[in-house]
Amino acid sequence: MKNIIIKSRITGIIFFTVFVNIMSLNASNDSLRNAFSKEKEPGNKLRLMLKTGRMIEHSNPMMLKEIGEAALQLSIALHDKTSESEAILLKSIYYHHKDRYDSALALQYQALEIANEINSDTLRALVYFQLCLSKQNTRAYHEAIDYGRQSLKYYQKIKSNKMGGAFNNLASAFSNLKQYDSAIYYYMQALRSGKPANRETDAKGIILGNIGLEYYSKAEYKNSIKFYRQAIGILKSNNTDVINLALNYANLGVSLRQENLPDSALYYFNLAKSAYHNINSLTGVARVTLNTGNLLADMGKYREAEKSYRESLQICQSLNLTMGIVMNYINLGSMYLKESKPATALNYYIMADTLDDGTDSDIKLPILEGLYMANKSLGNPVRALSYLEQHVKLLDSINTNKHNLKLAELQAQFQQEISDIENKRLRNENALKQQSIEHHQTINNIFIALMIILIFASLLIILSRLKLKKLYNHLETKGKTIEAQSLELELANITKDKLFSIIAHDLRNPFNNILGMTAIIEEESRDLPNTEINEYAKVLQKSGNIAYNLLENLLTWSKAQRGLIKPDKSQVNLYLLSEAIITNHMQQAKKGAIELINQVPEDITLWCDEDMMKTILRNITTNSLKHTPGGGKITYTAEHKDKNIIISIKDTGKGMPEEQVKYLFDFKSRLSQHDHKQSQSSGLGLMICFEFVQLMKGEISASSTPGEGTVVFISLPVKEV
C-alpha cells in the first residue's frame, strides 16, 4: 500500500494564509480607496494603484479586481501601454485566484501582446510567469515548462531578483510530469538564487521539503530524510509556518518507515498529529493517522493499527473526503488479509472499489490485488482470475507510461542543452557587437581593432561549429539509445503477450473439464451411480488443482517481476525440507507407482529463503512426476562443493534432447518455440524456479538423456554473498 505524502509545491509565489475578519478587510479597502481619492495627479494615482495591486495580489483578491479595472481605465485614458499591460495582468491574477483559468489566460495573452508591441522585457517576464502558473493549474504541464523557460530567460536578461520564482515554477511543472531529476535541479537553482519567492520567510524550508518529496518519489529515501530534516530545522527556528512544519514532520515519518525505522517514524507521526491538532487541521490529522495505521500494521500491532484506520476513516467520512475513505478501506482490507480473515477483507476491498473512480492507478492496483487475494483465499477461482487479469493489464499500462515519461524527460534535457548553447552563442554575439562599437569610437586604432574583431569572430565560429557538431553527435547517440530501448520494450511486450496466450490456453483445459463435468452432474445426477460421480469428482478436483497451481505460480511470478519479493534468508536444514516436499507429493507419487527417495545428508543446511526453496523444490518435483512413467524413481541428493552446496533432483523419466535442455531456462526462446500439441504446460513453474534461484545468488541448470531421465542441479552459496 503506497504511503500518503502531502505535497506543498512552491510555484514561484509562496501562498500564505491571512487571518482577518470581514470588518477589518472592509476597513482596509476603505483606507485604500481614500488614499487613491486624495491623489489628484493621474500619473501618480495610476502608479499608486499598480503598486498597491502588487502588494495585495495574494491577500485581497476582491480588492485586486477593483484596482485592476480602475487602473486599466486610467492607463487607457493616459495612453500608457506599460501600465495597461500591468493592469490587465492584475485582473488575470484575480481570475486565477477564483479558479477561472480560461478568463485568466485570455487576459494574460492580451497583456503579452502589449508587452511585445512595446518591446518590454520586464513585462514579458511577468506575463510568462503568470502564464506558467495558469497552464499548470489546467494540467498543461509541457506548455507551462515552455512559458516558465521564457520567464526565466527574461528575468535573467533584466537581472531581476525574481528568478527564484521562475525556477520554482519549472520545478513544479517537471514534478507534475514525474521528471524528478529535472524538478530537483530547478529547486536547487531556486535555493541558489537567494530570493525564491515574494515571501522570504520560511521559503527556503519549504523548498527543501519539496526537494525531499522529489527524492521520495525516486525511492531515494535517505536523501529525502536528509532534506526533510533540513526543512524542519529552518521551519522550527522561524516558528511561523506551522502548516508546512507539520507537513514535513509527516513526510519525514513516511520516509523513515521506508527505511525500516519504525520507532523514529512513529515519533514524527505523533509530532505531526499534535501540530495539526494545534491548528485544527482535520485533513492533516486524517492523513497522519492513516500513515500511523500503516506503520503499526507493519509492526504486527493489528488492533492498534485498526484503531488508527478507523479514527482516520471517521474524519474522512465527516469531511466527505472520498480519497481518504478509499485509502482507509484498502488498508483495512490489507490488514485483515494479513490476519487470514479474507471474508472481512473482501468487504472492505469491495467498498473501496465502489468508491474509487479509477483515475489513479496507484489506488486501483492494490484494490485489484486485494480483490484477487481475498477471492482466491475464499475459493472463488473464476472471480480471482478476473481480478488478476485486470491487475496485470493495468500494471502493463503503467510500465508503458513510465517508459514514455522517461523518453519525454530525455527529450526535454536535450532541448535544454540546445537552448543553453544557443543562449551562450547569443551572449557571445552581443559581446562582439559591444566590443566593435567601443573599438569604432577609437578612430586612431580602427584598423587594429577590425583585425582583432575578425580574428576573434573566426575563432568563435570555429569553436561554435565544433561544439554544435559534438552536440549533434551526442544527440544522435542518445537517439539510437532511445530507439534500442523502444525495440527492447516492444520485444518484451511480444514475449509477455505470448506468455499470457500460453497461460490462457493452459487454463482453458482444466476449466473446460470443470465446466463439462459439472454440466454432466447437473443434467444426469439422478441417474448416475455413485462410483461414476466419484470419478467425476476426482476429475474436478484434479482440474481445480491444476488451475489453482497455475494461478498461484502466475501471481508469484508477477510479484517477482515487479521486485515485490525479496529473499529473507536463514539457516534451513535441507534434509527436513526435502522430507516435507516428499510427504506433500507422496499421494501423487503412489498413484503413479513412482518412488521418491531422499538421499540428502541429515547435517546439510542451506543459507536461503525457506519459502522460496520450498517453491523451487515443489515445482521441480511436480514437473518430474509429470514426465516419469510408472515404476520410476525421483532421487534428492546434495553435497558441499567449494563454497557452494549442490542440490540435485534426478528422475528416471523419458528425458529430453540436448536442444530442449539448452532452452529449458531460456524463457524467451522457450516461448518462441512453444507448441501446445507437444507441451503440457507453459513452463511457468520453471520460470519461478529460475527467478528465485537468481534472487538467492545461486544458479540452476539441467542435464538429460532421452529415455534415461533428467537431473536438475541447484547451486547455492554456503553463506551470504
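Residues numbered from 1 in each chain as written. Predicted model: local features only at pLDDT ≥ 70, side-chain atom pairs only at ≥ 80, totals over all residues. Heavy atoms only, no water.

A. Here's a closer look at the environment of Leu112. Within the fold, Leu112 resides in helix α5 (residues 101-117). The spacing of Leu112 and Leu131 is 19 residues in sequence and 9.5 Å in space, taken between C-alpha atoms. In contact with Leu112, not counting residues within four places along its chain, are Val127, Tyr128 and Leu131. (Helix = DSSP H or I, 4+ residues; strand = E, 2+ residues; numbered from the N terminus. Contact = heavy atoms within 4.5 Å.)

B. Expanded view of the pattern of salt bridges. By the definition in use, this model includes 15 salt bridges. Across the pair Arg303 and Glu306 runs a salt bridge, and its minimum N-O distance is 3.0 Å. Separated by three residues within a single helix, Arg303 and Glu306 lie in helix α15 (residues 302-319), roughly one turn from each other. A single network of salt bridges, built from pairs that share partners, joins Arg303, Glu306, Arg310 and Glu339. (Salt bridge = Lys/Arg side-chain N within 4 Å of Asp/Glu carboxyl O.)

C. Inspection of the sheet that holds strand β5 (residues 644-651) at higher detail. Read across the sheet, five strands follow the order β2-β4-β5-β7-β6 without closing on themselves; strand pairing throughout is mixed. Every interior strand has two partners, whereas the edge strands, β2 (595-598) and β6 (699-705), have only one. Ignoring which end each strand starts from, the neighbouring axes of this sheet average 15 degrees apart. Here strand β4 (residues 633-641) pairs with β5 via eight bridges, running antiparallel. Residue pairing across strands places Ala638 opposite Ile647, the latter belonging to β5. Together, β2, β4 and β5 form the strand contacts of helix α22 (residues 574-591), whose direction differs from that of β2 by roughly 175 degrees. (Pairing = 2+ DSSP bridges. Axes fitted to C-alpha atoms, helices over the stretch in contact; angles between N-to-C directions.)

D. Looking closely at helix α12 (residues 242-258). Taking 1.5 Å of rise per residue, 17 residues should cover 24 Å, and α12 covers 25 Å from first to last C-alpha, within 8% of that figure. Phi for Asn260, located one or two positions after α12, is positive at around 60 degrees. (Expected span 1.5 Å × (residues − 1).)

E. Summary view of the environment of Leu313. The residue Leu313 is located in helix α15 in this model. Among the residues examined, Leu313 registers a relative accessible area of 8% and is labelled buried. Through-space distance from the C-alpha of Leu313 to that of Ile325 is 5.7 Å; in sequence the pair is twelve residues apart. (Buried < 20%, exposed > 50% of the residue type's maximum accessible area, 1.4 Å probe, protein only.)

F. The packing of α5 against helix α6 (residues 121-137), seen in detail. In the contact formed by α5 and α6, the axes pass within 9 Å of each other and the chain directions differ by 160 degrees. The angle between α5 and α6 falls in the class roughly antiparallel. Considering how the two elements wind past one another, α5 and α6 form a crossing that is left-handed. Across the interface between the two elements, Tyr101, Ala104, Leu105, Gln108, Tyr109, Ala111, Leu112, Ala115 and Asn116 of α5 pack against Leu123, Arg124, Val127, Tyr128, Gln130, Leu131, Ser134, Lys135 and Asn137 of α6. (Parallel < 35°, antiparallel > 145°, perpendicular 65-115°, else oblique. Left-handed = near helix turned anticlockwise from the far one by under 90°.)

G. Highlighting the nonpolar core. Ranked by internal contacts, the top residues of the largest apolar core, which has 55 residues, are Leu131 and Ile211. Not counting chain neighbours up to four residues away, the residues in contact with Leu131 comprise Leu105, Gln108, Tyr109, Leu112 and Tyr147. The next biggest cluster of nonpolar side chains, apart from the first, holds 50 residues, and it includes Tyr221, Tyr249, Leu256 and Leu290. (Core = buried A, V, L, I, M, F, W, Y, C linked by side-chain atoms within 4.5 Å.)

H. Inspection of the packing of aromatic side chains at higher detail. With the rule as written, the count across this model stands at 13 aromatic pairs. Through a chain of ring-to-ring contacts, three or more aromatic side chains come together here, namely Phe167, Phe174, Tyr185 and Tyr186. (Phe/Tyr/Trp six-rings, centres within 6.5 Å; stacked < 30°, edge-to-face > 60°.)

I. Structural context of the confidence of the model for the protein chain. Residues with a pLDDT of 70 or more make up 72% of the protein chain, whose mean pLDDT is 79. This stretch, residues 8-28, has a pLDDT under 50; its non-local contacts, to residues over four places away or in other chains, come to 50 contacts. Overall, residues 676-680 carries pLDDT values under 50, and its contacts beyond four positions in sequence, including any with other chains, amount to five contacts. (pLDDT = per-residue confidence, 0-100.)

J. Seen up close, the side chain of Ser308. Here Ser308 lies in helix α15. With a relative accessible area of 10%, Ser308 lands in the buried category. Excluding its chain neighbours within four sequence positions, the residues that come into contact with Ser308 are Thr289, Thr292, Gly293 and Leu296.

K. Up close: the packing of helix α13 (residues 262-278) against helix α14 (residues 282-298). The interhelical angle for the contact between α13 and α14, taken along N-to-C directions, is 165 degrees, at an axis separation of 9 Å. In terms of axis orientation, α13 runs roughly antiparallel to α14. Note that α13 runs across α14; the crossing there is left-handed. In this structure, α13 uses Pro262, Ala265, Leu266, Phe269, Ala272, Lys273, Tyr276 and His277 to contact α14, whose residues at the interface are Gly284, Val285, Val288, Thr289, Asn291, Thr292 and Leu295. Class assignment for the residues of the contact of α13 with α14 results in nine nonpolar, five polar and one charged. (Nonpolar A, V, L, I, M, F, W, Y, C, P; charged D, E, K, R; others polar.)

L. Inspection of a nonpolar patch on the surface at higher detail. Taken together, the side chains of Ile462, Leu463 and Leu466 make up a nonpolar region of the molecular surface, amounting to roughly 290 Å² of accessible area. In this structure, Leu466 sits in helix α20 (residues 446-524). (Patch = residues over 30% accessible without salt bridge, like charges linked within 9 Å, V, L, I, M, F, W, Y side chains within 5 Å. Areas by Shrake-Rupley, 256 points an atom, 1.4 Å probe, with all protein chains shown as cover.)

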